[in-house]
Amino acid sequence: MMNCLQSWPEPVVRVQSLAASGVRAIPERYIRPPSHRPLTKNDFSPPQEANNIPVIDFQNFFSDDQRLRDEALRNIHSACQEWGFFQVVNHGVSHELMKRTSEVWREFFKLPMEVKQEYANTPATYEGYGSRLGVEKGAILDWSDYFFLNYMPESLRKPNIWPATPASCRELVAEYGHEVCKLGGKLMKAFSINLGLEEDLLLKAFGGEENVGACLRANYYPKCPQPDLTLGLSPHSDPGGLTILLPDENVAGLQVCRNGSWLTVQPVPNAFIINIGDQIQVLSNAIYQSVEHRVIVNSNKDRVSLALFYNPRSDLLIEPSKQLVSDDRPALYPPITYEEYRLYGRTKGPCGKKQVESLKSPRPCSEC
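Presented here is an overview of the structure given in this document. Just so it is clear, the model here is predicted, and its values are computed rather than measured.

**Some points on the overall build of the protein chain**
The helix and strand tally for the protein chain stands at nine helices and 14 strands. Relative to its length of 368 residues, the protein chain is compact, with a C-alpha radius of gyration of 20 Å against a globular reference of 21 Å. Out of the 368 residues in the protein chain, the part that is buried amounts to 52%. For the protein chain, contacts bridging at least 24 residues in sequence account for 78% of all contacts bridging at least 6. Summed over its atoms, the accessible surface of the protein chain is roughly 16,400 Å², and 49% of this surface lies on carbon and sulfur atoms.

Following this line, the structure appears as structure tokens:
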């Protein structure tokens with residue numbers, strides 16, 4: 001299996017180069033089957049605020065006022081159970097740091113292609129500058145490029161392969177990663193409390209604060225001449241623990257599957273978008289569930305977003321917490337390491353929720 005992950009099955013095409021070439025019709029490799037296209041005008045317009053995912057004031061979680069703290073915990077629990085997605089404000093990460101980090105990645109993607117190509121990645125680790133997920137030959141491709149890097153545990157961190165240009169990139173990535181990982185630990189604490197577990201149980205299951213797996217993916221979605229035919233990112237649930245997304249405040253693009261329809265998330269200023277990943281679904285024995293989501297593109301504006309994936313250490317077995325298993329609610333998932341679990345996604349690419357659901361009743365990978 002690992003041998004097939006050493007190189008891409010076909011020559012890599014940079015979507016940014018395609019967009020910059022002035023093509024009026026996108027190549028066939030990016031065209032979705034009719035039933036998988038973003039068909040309606042609603043897909044491209046912001047939703048009404050009442051239809052947006054929940055917005056939670058996270059500072060109340062640390063309040064000395066027990067009433068405010070309990071209310072914050074209830075809101076987080078409700079969002080995790082009913083949506084699997086929410087936005088957090090007053091989260092403790094500097095707004096200036098968020099802005100500067102987003103801007104430095106936008107600057108990176110504006111660099112000449114020959115500069116970015118120096119960081120070209122392979123599917124062996126995905127680290128570096130990339131344009132596809134999965135190694136399926138002939139797969140339909142997403143209208144996006146990205147830069148992927150490992151941040152935690154520190155033993156996997158390789159700042160020397162992070163972009164050297166812009167000059168402030170490496171320093172900002174290090175500071176941003178540190179602050180957002182701290183937020184991830186606080187969210188894990190809230191999840192543990194809400195599930196009736198010891199407050200550090202989920203974090204311990206991930207390997208503890210110093211050993212969690214955390215990685216950053218800077219996403220670039222170029223303008224697209226036919227946004228109704230393609231997607232920036234295929235429907236999927238995130239394979240890891242939880243995702244902390246810094247969206248592009250100026251251009252909506254993330255869509256969440258809600259009651260069989262796609263809801264376009266309207267970013268709140270200075271907020272992070274949080275979503276539950278498959279590993280939290282497994283640990284919580286499906287009390288909290290990951291939710292399918294995708295990204296649409298548009299013809300007028302490009303987008304940059306930063307996703308920090310807060311994951312278990314790769315060699316740890318993840319299984320439903322013993323406290324959440326009973327005769328009435330037996331364990332829904334067998335033990336599996338995150339390393340083994342994510343290999344599926346790195347091979348097949350984004351695959352809806354087939355991967356986590358297949359744990360309940362294993363089926364061949366070819367169904368993707």
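**Looking at empty space enclosed by the protein**
Considering all chains together, one arrives at four cavities of 30 Å³ or more under this definition. Within this model, the second largest cavity holds a volume of roughly 150 Å³. Lining the second largest cavity are 18 residues, and of these Leu 233, Leu 245, Leu 254, His 293 and Ala 307 sit closest to its centre. Looking at the lining of the second largest cavity, the elements that each hand over two or more residues are β5 (213-221), β6 (233-236), β7 (242-246), β10 (272-276), β11 (293-295) and β12 (303-311). Considering every element that reaches the lining of the second largest cavity, the biggest residue donor is β12, with four residues. Of the residues in the lining of the second largest cavity, the class split is nine nonpolar, six polar and three charged.

**Quick notes on helix α2 (residues 66-82)**
Between its first and last C-alpha, α2 extends 24 Å over 17 residues, near the 24 Å set by a 1.5 Å rise per residue. Every buried residue of α2 is accounted for by Arg 69, Ala 72, Leu 73, Ile 76, Ala 79 and Cys 80. In an axial view of α2, the angular spread of the buried residues amounts to 130 degrees, which keeps them on one side of the axis. Across from the buried face of α2, at angles greater than 90 degrees, the exposed residues are Arg 67, Arg 74 and Glu 82.

**Quick notes on the sheet that holds strand β8 (residues 254-258)**
Either a parallel or an antiparallel arrangement is found when strands of a sheet pair, and the pairing is made through backbone hydrogen bonds. Read from one edge to the other, the open sheet built from four strands follows the order β6-β11-β8-β9, with strand pairing classed as antiparallel. Taken across any chain shown, the strands that pair with only one partner, and hence form the sheet edges, are β6 and β9 (261-264). Across the sheet, the mean angle separating the axes of adjacent strands is 25 degrees when strand polarity is ignored. The sheet contact formed by β6 and β11 spans two bridges and is antiparallel. Paired with Leu 233 across the strands is Val 295, a residue of β11.

What counts as what
- Residues numbered from 1 in each chain as written.
- Predicted model: local features only at pLDDT ≥ 70, side-chain atom pairs only at ≥ 80, totals over all residues.
- Heavy atoms only, no water.
- Helix = DSSP H or I, 4+ residues; strand = E, 2+ residues; numbered from the N terminus.
- Rg over C-alpha atoms; globule rule 2.2 N^0.38 Å.
- Buried < 20%, exposed > 50% of the residue type's maximum accessible area, 1.4 Å probe, protein only.
- Contact = heavy atoms within 4.5 Å.
- Areas by Shrake-Rupley, 256 points an atom, 1.4 Å probe, with all protein chains shown as cover.
- 1 Å grid on protein atoms, 1.4 Å probe; cavity = no way out; pocket = protein on both sides within 12 Å on 5 of 7 lines; lining within 4 Å.
- Points joined across faces, edges and corners; volume = space filled by probe spheres on them.
- Nonpolar A, V, L, I, M, F, W, Y, C, P; charged D, E, K, R; others polar.
- Expected span 1.5 Å × (residues − 1).
- Arc of directions from axis to C-beta.
- Pairing = 2+ DSSP bridges.
- Axes fitted to C-alpha atoms, helices over the stretch in contact; angles between N-to-C directions.

This is a description of form; function is not addressed.
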